[in-house]
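# Descriptive structure summary
What follows is the residue order along each chain.
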Amino acid sequence: MNRALVILAISVLNGILSAQESPTTPKARVRIIQGPRIESAKQHLTIINWTTNNPGGSPVHYGIVHYGRDPNSLTETARSPIRLNPAHSSTVFRVRLDNLEPGTTYYYSVDSMEATGESDGVKSSVKHFTTP
């Protein structure tokens with residue numbers, strides 16, 4: 001009898017844990033539909049956000065910001081994970097840039113990728129902001 005309860009409990013837990021995983025969804029051709037824009041800017045940090053159509057693919061993606069002080073050399077990178085909601089038609093990415101110098105102009109470009117490292121195939125043009 002106890003063995004039957006253990007098997008039932010394991011089956012239920014496996015079902016619950018499986019239900020929490022988002023399935024891989026069909027990949028879409030990704031395009032930026034809003035932004036990128038500066039959401040918040042302070043002396044030492046800036047948050048950049050943008051919206052794409054839902055990229056599909058694996059459930060975990062990363063928003064990526066390439067940035068630097070020279071528009072031709074975006075050598076710094078910041079990224080932030082996001083879990084896709086397959087029921088939504090769009091995805092909002094938000095990435096925080098830390099340890100910025102006050103009163104400095106930074107140039108940046110955004111893109112996104114799956115957790116596997118595969119690019120979503122979209123990259124913004126180079127934009128800029130100046131920290132307060």
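The text that follows walks through the structure, step by step, so that each part is easy to find.

The subject of this paragraph is the side chain of Glu114. Of note, Glu114 is situated in strand S6 (residues 105–114). On the accessibility criterion, Glu114 (5% relative accessible area) is buried. Reaching out from Glu114, the side chain makes a polar contact with the side chain of Lys27 at a distance of 2.6 Å. Contacts of Glu114, omitting those with residues within four sequence positions, involve Lys27, Gly57, Ser58, Val60, His61, Tyr62 and Asp120.

The next subject is the nonpolar core. The tendency in soluble globular proteins is for nonpolar side chains to be buried side by side. One finds Ile48, Trp50, Val65, Tyr67, Leu97, Tyr108 and Phe129 to be the most contacted residues of the largest nonpolar core, which totals 13 residues. For this core, the secondary-structure elements that each account for two or more residues are strand S2 (46–53), strand S3 (60–68), strand S5 (90–97) and S6.

A word on the pairing of strand S1 (residues 32–41). Note that S1 and S2 share six bridges and pair antiparallel. Bridge pairing in S2 places Gln34 opposite Thr51.

With respect to the element layout, Asp120 can be found in strand S7 (residues 119–123). There is no salt bridge for the buried Asp120, and the closest opposite charge comes from Lys27, which lies 4.7 Å off by N-O distance. Within the structure, the side chain of Asp120 is placed 2.6 Å from the side chain of Ser112, a separation counted as a polar contact. Not counting the four nearest positions on each side in its chain, Asp120 is found in contact with Val30, Pro55, His61, Ser112, Met113 and Glu114.

The rules behind these values
Residues numbered from 1 in each chain as written. Predicted model: local features only at pLDDT ≥ 70, side-chain atom pairs only at ≥ 80, totals over all residues. Heavy atoms only, no water. Helix = DSSP H or I, 4+ residues; strand = E, 2+ residues; numbered from the N terminus. Buried < 20%, exposed > 50% of the residue type's maximum accessible area, 1.4 Å probe, protein only. Polar contact = N/O pair within 3.5 Å; in protein donor to acceptor, adjacent residues only side chain to side chain. Contact = heavy atoms within 4.5 Å. Core = buried A, V, L, I, M, F, W, Y, C linked by side-chain atoms within 4.5 Å. Pairing = 2+ DSSP bridges. Lys, Arg positive; Asp, Glu negative; His and termini not counted. Salt bridge = Lys/Arg side-chain N within 4 Å of Asp/Glu carboxyl O.

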